[in-house]
Amino acid sequence: MSPSGQEVQVDVEGRTLTISNLDKVLYPRTGTTKGEVLHYYAAVAPVLLPHLRDRAVTRIRWPHGVEGSSFFEKNIPPGTPSWVRTAEVPTTGSRSGKGDGTIRFPICDDLATLTWLANLAALELHVHQWTVEEDGTPRHPDRLVIDLDPGEPAGLHECAQVALMVRDALAGRDLTCTPVTSGSKGLHLYAAVDGTLDSDGTTALAKEVAETLQKEHPDLVTSVMTKAKRPGKVFLDWSQNSGSKTTVSPYSLRGRDSPTVATPLTWEEVEEGAEDDLALEQLSMEQVLDRVARLGDVFDA
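Under an unreviewed UniProt entry, the name given to the protein chain is Non-homologous end-joining DNA ligase, and the source organism is Nocardioides zeicaulis.

Caption draft 1: The arrangement of the overall build of the protein chain in detail. Of regular secondary structure, the protein chain possesses 7 helices and 17 strands. Against the globule reference of 19 Å for 301 residues, the protein chain gives a C-alpha radius of gyration of 19 Å, in line with a compact fold. Projected onto the principal axes, the alpha-carbon positions of the protein chain cover approximately 60 × 50 × 35 Å. For the protein chain, with 301 residues in total, the buried portion stands at 54%. Contacts spanning at least 24 positions in sequence make up 66% of the contacts within the protein chain whose residues lie at least 6 apart. Total accessible area computed for the protein chain in this model is approximately 13400 Å², and 48% of it derives from carbon and sulfur atoms. Distance between charge centroids for the protein chain: 6 Å, based on 29 positive and 44 negative side chains.

Caption draft 2: Expanded view of the pairing of strand E5 (residues 57-61). The element E5 is largely enclosed, with a buried count of 5 among its 5 residues. Residues Val57, Arg59 and Arg61 line one face of E5 and the alternating positions Thr58 and Ile60 line the opposite face, and both faces are buried. Summarising the sheet, E5 and strand E9 (residues 122-127) pair through 5 bridges and their orientation is antiparallel. If you follow Arg61 over to E9, its bridge partner there is Ala122. Relative to strand E6 (residues 71-73), E5 runs antiparallel, the two being bridged by 3 bridges.

Caption draft 3: Region of interest: the side chain of Thr32. With respect to the helices and strands, the residue Thr32 is situated in strand E4 (residues 32-33). At 2.6 Å, the side chain of Thr32 and the side chain of Thr30 are in polar contact. For Thr32, the residues in contact, after removing those within four places along its chain, are Lys24, Val25, Leu26, Tyr27, Val37, Pro259 and Met285.

Caption draft 4: Structural context of a negative patch on the surface. Residues Glu272, Glu275, Asp276 and Asp277 make up a contiguous surface patch of negative charge. Along the chain, the position of Asp276 falls in the loop between helix H6 (267-275) and strand E17 (283-284). Accessibility expressed as a relative area gives 34% for Asp276, which makes it partly exposed.

Caption draft 5: Region of the structure containing the nonpolar core. Among the nonpolar cores identified, the biggest contains 40 residues, and Tyr40, Tyr41, Leu48, Leu114, Leu125, Tyr251 and Leu253 are the most heavily contacted of them. Where this core is concerned, the elements lending two or more residues are strand E2 (15-20), strand E3 (25-27), helix H1 (34-52), E5, helix H3 (111-119), E9 and helix H7 (285-295). Considering every element that reaches this core, the biggest residue donor is H1, with 10 residues.

Caption draft 6: The arrangement of the pattern of salt bridges in detail. The final tally for this structure, using the stated rule, is 16 salt bridges. Between Glu269 and Arg291 there is a salt bridge; the shortest N-O distance is 2.6 Å. Here the residue Glu269 occupies a position in helix H6, and Arg291 occupies one in helix H7, the gap between them amounting to 22 residues. Asp290 is the partner of Arg294 in a salt bridge, and the nearest nitrogen-oxygen pair spans 3.0 Å. Of the two residues, Arg294 and Asp290 both sit in helix H7, 4 residues apart, roughly one turn of that helix. Ionic contacts of the salt-bridge type, sharing partners, join the residues Asp54, Arg85 and Asp109 into one network.

Calculation criteria
- Residues numbered from 1 in each chain as written.
- Predicted model: local features only at pLDDT ≥ 70, side-chain atom pairs only at ≥ 80, totals over all residues.
- Heavy atoms only, no water.
- Helix = DSSP H or I, 4+ residues; strand = E, 2+ residues; numbered from the N terminus.
- Rg over C-alpha atoms; globule rule 2.2 N^0.38 Å.
- Buried < 20%, exposed > 50% of the residue type's maximum accessible area, 1.4 Å probe, protein only.
- Contact = heavy atoms within 4.5 Å.
- Areas by Shrake-Rupley, 256 points an atom, 1.4 Å probe, with all protein chains shown as cover.
- Lys, Arg positive; Asp, Glu negative; His and termini not counted.
- Charge placed at Lys NZ, Arg CZ, Asp CG, Glu CD.
- Pairing = 2+ DSSP bridges.
- Polar contact = N/O pair within 3.5 Å; in protein donor to acceptor, adjacent residues only side chain to side chain.
- Patch = residues over 30% accessible without salt bridge, like charges linked within 9 Å, V, L, I, M, F, W, Y side chains within 5 Å.
- Salt bridge = Lys/Arg side-chain N within 4 Å of Asp/Glu carboxyl O.
- Core = buried A, V, L, I, M, F, W, Y, C linked by side-chain atoms within 4.5 Å.

Structure representation (structure tokens):
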């Protein structure tokens, strides 16, 4: 641990990084420091990095901790090390022929890049549903995601009930999905796709599933984004499949009051959560590290 404000140099897989302010408190409610955040990301890297590989990373940074201001960052910042892999990706407008803008994203394929991002207080790592070629060209999506967002007083219990409905609906379309807590309020469901659909195609498919379940379960499910329509219901957010949208990565921290993590679950856990309204909770980084040590990455189970 370095004294406040001091910098230390560390070797990470052959890369020399300058790390600063290890004792800065980033989560005041729990007293969690930047050094502890760096430790979490280093320890969870073996299961996190596969979920980031070849994906453009949008970061949410809290340079003064979660009680301070935050900002989204897509382009690489000034001072980015030359060894950080990047991809220059056309903006949504230029991909549709309506513009000529590009964004240079970092690609986080290794521990050194992950450590560099964490040192910038990039607590949240968000990625698209598509990956990039070696030259940075976006591929078609390799997965579909549906974000289950509960409107109070609904919570994880209701999300678990709806997740089982989504699982069955996707199975009827020959898709298998994996549940992940959002680390915030709800659940994310990921289904691998074969790359034949573009982002418009996966968005349309997710929307069709959401609208079908809304018709079948109108008291519990909504596919409408309007927040006034959500109280007591679970919003099936299909829009995160848009080519320009991102979802927080599995195993990323969240910038909330305490350091909760987007955590892959087993379907047995979700089934229990659908029966018992106290069975599921958003997990802390300590709980996740213990879980990974015992179970590995259940996303791939």
